[in-house]
Amino acid sequence: MSRIVGIDLGTTNSLVAYVDAQTGLPKCIPGPSGSTLCPSIVSLDADGSIIVGEPARRRLLTQPERSIYSVKRLMGRGPADVQNELKLFPFRIDPNSNHVIRVQLGERVFTPPEISSFILRELKNWAEAYFGETVDRAVITVPAYFNDAQRQATKDAGKLAGLEVLRLVNEPTAAALAYGLHEKQRGKVAVYDLGGGTFDISILKLISTTEGDIYQVLSTNGDTHLGGDDIDNLLQAFVHEQILQTDQIDFSPHGELAQELRKELIALKHKLSGSESATLRFSLPNGKVYVHEFTRGAFDALIRPVVDRAMVPVNRALSDAQLKPTEVDEVVLVGGTTRTPLIRRTVQEFFDRKPHTELNPDEVVALGAAVQANILDRGVQNMLLLDVTPLSLGIETYGGAVAKIIPRNSTIPASAQELYTTGVDNQTGIDIHVLQGERELAKDCRSLARFTLKVPPAPAGLPRIEVKFLIDANGILQVGAKDVRTGEQHMIEVQPSYGLNDNDIERMLEESIEYAEQDFAERQTIEARTEAESILTATHKALANPNATALREAERARIDATIAALNSAVQGSDYKLIRRQIDELNQATEHLAELLMNSAVQSALQGKNLAEV
Amino acid sequence: MTTSLPTTNPPLVCWSCHERTVGTHFCSSCGKVLQVPEHSDFFSLFEIPRKLCVEMGALEQKFLQLSWKLHPDNFVNATPEERDISLKRSSELNDAYRTLRDPVARVEYLLAVEGARKEGQNKQQAPPELLEEVFELNESLDELREAKASGGDTASLKHKLAAAEKSFEGKLSEVDGQLQAAARDWDQAIDQNSDKVRRDAIKTRLNDLLNRRSYIRNLVVNVQKELL
């Protein structure tokens, strides 16, 4: 079985990590630039190829209409859900989007899971280059407060990237796993996770048993649209307003100017985490320079609404866990946005306890995902994670009300059975509407799926169909039905209300092949062939050198034979064979290289340089 | 404890090795995870008698111990069939723990498996001795809604409702006390191996108390919503 990696698919940055077999500790894998952070930015090049990460970030400024950031905000959402986001983010939504959003990048449209799959594929490539082997199984983290559709969209993204997603793990829970490994924590732990676009709070109970450590989530709450992005938006709105007043320049979120300003403001925000004031200098199109000094105090006042908004879910999670803030033993801060001093101070005052920040808040979720990947690979040995469903599952009843059948914060997997019958004679179908949320009316909850239960014609009240609703360990709904009288089982095809169906995914998988980079083996073959060609050229050139005549006949014969073997290996696609033949040729030509070296040294003494030999 | 464990697990044939097995969760012959037994219930899953006073510490211990073995994390590299069984068994375990941990849900569940749970014919109907108070409460609720809609004075109405809510909360804890007493009666009847007549009488009483509780609880929740 291939190795399982842990992936943090973040709003701002994404990372991939694994557990080192020697040390037993999780580690993030660096990309080509040496950084472990892959900016979650995707850009479509004019030639149709996909650019991901740091290079795509540069294109945000030069080609904003072909580039996208923060796509996580669109995952699992319908067009009507995102109207507010559109005022603040430069998302170009295809007006023909129906149940699934489609985003315009240049001349093409992509669904959010497709765009996320490009990021995942990039991380897959990083891991494959690092290990020198195929990586096709992963654990991916999601905000704990993600609903069914958002989770399903993330799983779809994995599938489109050629990854089997073995588990979706909640981000705060992953962070708790990483911290638990780092330093044995005990008792009740609160994880406050404020990332680029999402906020989660989870309360866990850490239990030591004779078998090992159990991480039991007691409650979770959050806001899937609250994060550092919102701080950036507040800063941007403030500056836009000022510039509009003094210079009558209007910024639309779509323009290059807005993107440039946003980049400057993010840098300013980072600077204010470490110093008491920072100055923004921004060149305007009218030739003037906008200058404004932000003090820490003014900055704190500006971002206060974001910090306050996060306290609402914190209070709900505590109340669901039946705990007072001071009854929490440890507090852990996760997510880049928790570097903000105001947030650290607010959390510390609320819990009356200094929060843990020892692990890098950007990496900790990916590290935890790697720990969970390791658990799945080897089976539960000394660590077990018991997570919960963040939202109640309900079904619509008469009059548009919702009957809750699995309450929020139930340990998953969890299930509930409902018995259905018919109301009129020969009724052939029963309509079922499944929802997620805490509100009492169906219209205020999130629609997960609608389906019709098929019933054989019979007098009213006679059919008895038991429907089983099951939330699996990923927090995703499965539905099955059983005819109680015959015992016959049905799997129910549930078409998600917001999301891709199986046909969509099948089609996208086919399409993605032309946009995907070649798979690992293919890339290895190409690289090996290139190397073979250059060593063959060098060998032929060396054999033509007059000094080569000093070779013994047996040596010459061996070189000729190895050249022939390498030539034939290059015809095939077995990159390991090509590499072996390259090594053989290198060995066979050792003496030849020495002869040429000697002559080169002599040439150098005669005033020639090495390149001329 | 004087009662023996209920014999709800008849001899079973393992789906994998086809041997007869005496295991509860895993096959005693081949060690594979077993299907959910046809006639199991939450009490037998935890290997406890069908009684209503449950020792929480022991329940949690058993839950954690079974979670180690049955959780899907153990079956990622197993066959699809075993993965499916693990998913069913661990969801059943979690459902059982969620139900038995909660004193009210526990009574509801016991009555359901005993075939004795009957929700009120008309859930909206007030218990007779509460009729007058409920009538008054509903009147005040209507007045408050009207006052809110017309922008009238709500302070005095809210004050009145808050007092009524307090009174009904008192009744709620009264019912909870009666429920606990009936639960102890049930456990005693089991321990003393009492006859069907006595057991049926306790079940009827438990059922009535549950209906009464749910009626008062709805009332309290409705008032709280209006007072927010």
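In this text the structure is predicted, and so the values were computed from the model without any measurement.

Trainee: Can you walk me through the overall build of chain A in this structure?
Mentor: Scanning chain A for helices and strands turns up 15 helices and 26 strands. With respect to the three principal axes, the spread of C-alpha positions in chain A is 100 × 75 × 55 Å. Residue burial in chain A is summarised as follows: out of 613 residues, 44% are buried. Across chain A, every contact between residues at least 6 apart in sequence was considered, and the portion connecting residues at least 24 apart equals 67%.

Trainee: Help me out: how do you make sense of the overall build of chain B in this one?
Mentor: Helix and strand counts for chain B stand at seven helices and two strands. Taken across its 228 residues, chain B has 23% of its residues classed as buried. Sequence separation of at least 24 residues holds for 60% of the intrachain contacts in chain B that already meet a minimum separation of 6.

Trainee: Looking at this structure, I do not really get helix H2 (residues 56-70) of chain B. What am I missing?
Mentor: The periodicity of an α-helix, 3.6 residues per turn, causes residues three or four places apart in sequence to face the same way. With 15 residues, H2(B) ought to run about 21 Å at 1.5 Å a step, and its terminal C-alpha atoms sit 21 Å apart, in line with that. When H2(B) is considered as a whole, its buried residues turn out to be Phe63(B), Leu66(B), Ser67(B) and Leu70(B). End-on, the buried residues of H2(B) take up no more than an arc of 110°, which puts them together on one face. Away from the buried face of H2(B) by more than 90 degrees, exposed residues Gly57(B), Ala58(B) and Gln61(B) are located. On its buried face, H2(B) sits against strand S18 (383-386) of chain A together with helix H3 (80-101) of chain B.

Trainee: Looking at this structure, I do not really get the sheet that holds strand S14 (residues 213-223) of chain A. What am I missing?
Mentor: Sheets are built from strands that pair by backbone hydrogen bonding, the pairs being arranged parallel or antiparallel. Residue and element names in this part refer to chain A. Taken in spatial order, the five strands of this open sheet run S17-S12-S13-S14-S18, and their pairing is mixed. The outermost strands of the open sheet, each flanked by one partner alone, are strand S17 (330-334) and S18. Adjacent strand axes in the sheet meet at a mean angle of 25° when their direction is disregarded. Where strand S12 (residues 187-194) lies against S17, five bridges are found, and the strand directions are parallel.

Trainee: I'm lost on the environment of Ile535(A) in this one. Help?
Mentor: Looking at where Ile535(A) falls in the secondary structure, it is placed in helix H12 (residues 520-544). In contact with Ile535(A), not counting residues within four places along its chain, are Ile582(A) and Leu585(A).

Trainee: Whenever I open this one, the interface of chain B and chain A confuses me. Can you help?
Mentor: When the parts of a complex come together, some accessible area is lost, and that lost area is often used as the size of the interface. Between chain B and chain A, the residue contacts involve 15 residues of the former and 21 residues of the latter. Secondary-structure elements contributing two or more residues to the side of chain B that touches chain A are H2 and H3 of chain B. If you tally residues by element for the side of chain B that touches chain A, the top one is H3(B), at six residues. Across the side of chain B that touches chain A, the residue classes break down as five nonpolar, seven polar and three charged.

Trainee: Looking at this model, I keep getting lost on the confidence of the model for chain A. Mind explaining?
Mentor: Close reading of the predicted structure is inappropriate where its pLDDT is low. Residues of chain A with pLDDT of at least 70 account for 93%, and the chain-wide mean is 87. A low-confidence stretch, residues 608-613 of chain A stays under pLDDT 50, and its non-local contacts, those more than four residues away or across chains, total eight contacts.

Trainee: Any chance you could explain the environment of Ile140(A) here in plain terms?
Mentor: Residues and elements named next belong to chain A. Topologically, Ile-140 is positioned in strand S10 (residues 137-142). Residues Ile-140 and Val-365 lie 225 residues apart in sequence; the distance between their C-alpha atoms is 9.9 Å. In contact with Ile-140, not counting residues within four places along its chain, are Ile-7, Leu-9, Thr-154, Gly-158, Val-165 and Leu-168.

Trainee: Teacher, can you tell me more about the nonpolar core here?
Mentor: If you look at soluble globular proteins, the nonpolar side chains tend to sit buried side by side. Judged by nonpolar contacts, the single largest core of 145 residues is most densely connected at Val5(A) and Ala17(A). When residues no more than four places from it in sequence are discounted, the contact partners of Val5(A) are Val16(A), Ala17(A), Tyr18(A), Ala127(A), Val135(A), Ala138(A), Ala370(A) and Ala373(A). Grouped together as the second largest cluster of nonpolar side chains are 27 residues, Phe42(B), Leu66(B), Tyr97(B) and Leu206(B) included.

Trainee: Would you mind showing me how to read the packing of helix H3 (residues 112-131) of chain A against helix H4 (residues 148-160) of chain A here?
Mentor: Two measures define how a pair of helices packs: the angle their axes make with one another and the distance between the axes. Residue and element names in this part refer to chain A. Relative orientation of the contacting elements H3 and H4 amounts to 55°, with a least axis distance of 8 Å. When the interaxial angle is binned, H3 and H4 end up oblique. Judged by the sense of rotation from one axis to the other, the crossing of H3 with H4 is right-handed. On H4, the residues that touch Pro-112, Pro-113, Glu-114, Ser-116, Ser-117 and Leu-120 of H3 are Ala-153, Asp-156, Ala-157, Gly-158 and Leu-160.

Trainee: What am I meant to see in the packing of helix H8 (residues 296-320) of chain A against helix H9 (residues 341-351) of chain A here?
Mentor: All names here are of chain A. Two numbers describe how H8 lies on H9: the axes approach to 10 Å, and their chain directions differ by 55°. It follows that H8 is oblique to H9 by the angle criterion. Viewed along their axes, H8 and H9 form a crossing whose handedness is right-handed. Here Asp-300, Ile-303 and Val-307 of H8 lie close against H9, whose contacting residues are Leu-342, Ile-343 and Thr-346. A breakdown of the residues in the contact of H8 with H9 according to their chemical character gives four nonpolar, one polar and one charged.

Trainee: Just checking my understanding: could you explain the sheet that holds strand S19 (residues 393-396) of chain A for this structure?
Mentor: Residue and element names in this part refer to chain A. Sheet architecture is open: four strands sit in the order S20-S19-S22-S23, paired in antiparallel fashion. Edge positions in the sheet fall to strand S20 (402-406) and strand S23 (446-454), since each has one partner strand and no second. Averaged over neighbouring strand pairs, the angle between their axes works out to 30° when direction is ignored. With four bridges joining them, S19 and S20 adopt antiparallel strand pairing. Directly across from Ile-395, in S20, lies its bridge partner Ala-403.

Trainee: Help me understand the confidence of the model for chain B, please; the structure alone is not making it clear to me.
Mentor: When pLDDT is averaged along chain B, the result is 82; 89% of the residues meet or exceed 70. Per-residue pLDDT stays below 50 along residues 1-9 of chain B; that stretch engages in 18 contacts with residues further than four places along the chain or on separate chains.

Trainee: Hey, could you run me through H9(A) in this one?
Mentor: All names here are of chain A. All of the buried residues along H9 are Leu-342, Ile-343, Val-347 and Phe-351. Here the buried residues of H9 occupy an arc of 145° about the axis, which is enough to place them on one side. Away from its buried face by more than 90 degrees, H9 exposes Arg-345 and Glu-349. On its buried face, H9 is in contact with S12, H8 and S17. Of the residues flanking the end of H9, it is Asp-352, one or two places downstream, whose phi is positive at about 55°.

Trainee: I would appreciate a short explanation of the pairing of strand S24 (residues 465-471) of chain A in the present structure.
Mentor: Remark: a regular strand shows side chains that alternate across the two faces of the sheet. Residues and elements named next belong to chain A. Burial within S24 is extensive, with five of its seven residues counted as buried. Bridging between strand S21 (residues 414-420) and S24 involves seven bridges; their strand directions are antiparallel. Bridge pairing in S24 links Ser-415 to Leu-470. Summarising the sheet, S24 and strand S25 (residues 477-483) pair through seven bridges and their orientation is antiparallel. Paired with Val-467 across the bridge in S25 is Ala-481. Count of turn residues in the S24/S25 antiparallel hairpin: five residues, of which Gly-475 carries a positive phi of about 80°.

Trainee: It is not clear to me how unusual backbone geometry should be interpreted in this structure. Could you clarify?
Mentor: What is expected of a backbone is that most residues other than glycine have negative phi and most peptide bonds are trans. Residue and element names in this part refer to chain A. The omega torsion of the bond from Ile-412 to Pro-413 falls at 0°, within 30 degrees of zero and hence cis. By the secondary structure assignment, Pro-413 is in the loop between S20 and S21. One non-glycine residue, Ser-70, lies in positive phi territory at about 55°. As for its placement among the helices and strands, Ser-70 is situated in the loop between strand S7 (67-69) and helix H2 (83-88).

Trainee: Would you mind showing me how to read the environment of Ile430(A) here?
Mentor: All names here are of chain A. For Ile-430, the location among the structural elements is in strand S22 (residues 429-436). Note on Ile-430: 18 C-beta atoms within 10 Å, which makes it partly exposed. Once the C-alpha coordinates of Ile-430 and Ile-465 are considered, the two residues, 35 residues apart in sequence, prove to be 9.7 Å apart. The residues touching Ile-430, leaving out its near neighbours within four places in the chain, are Tyr-420, Thr-422, Thr-452, Leu-453 and Val-455.

What counts, and at which threshold
- Residues numbered from 1 in each chain as written.
- Chains lettered and ligands numbered in written order.
- Predicted model: local features only at pLDDT ≥ 70, side-chain atom pairs only at ≥ 80, totals over all residues.
- Helix = DSSP H or I, 4+ residues; strand = E, 2+ residues; numbered from the N terminus.
- Buried ≥ 20, exposed ≤ 12 C-beta atoms within 10 Å, placed from the backbone.
- Contact = placed C-beta atoms within 7 Å.
- Expected span 1.5 Å × (residues − 1).
- Arc of directions from axis to C-beta.
- Pairing = 2+ DSSP bridges.
- Axes fitted to C-alpha atoms, helices over the stretch in contact; angles between N-to-C directions.
- Nonpolar A, V, L, I, M, F, W, Y, C, P; charged D, E, K, R; others polar.
- pLDDT = per-residue confidence, 0-100.
- Core = buried A, V, L, I, M, F, W, Y, C linked by C-beta atoms within 7 Å.
- Parallel < 35°, antiparallel > 145°, perpendicular 65-115°, else oblique.
- Left-handed = near helix turned anticlockwise from the far one by under 90°.

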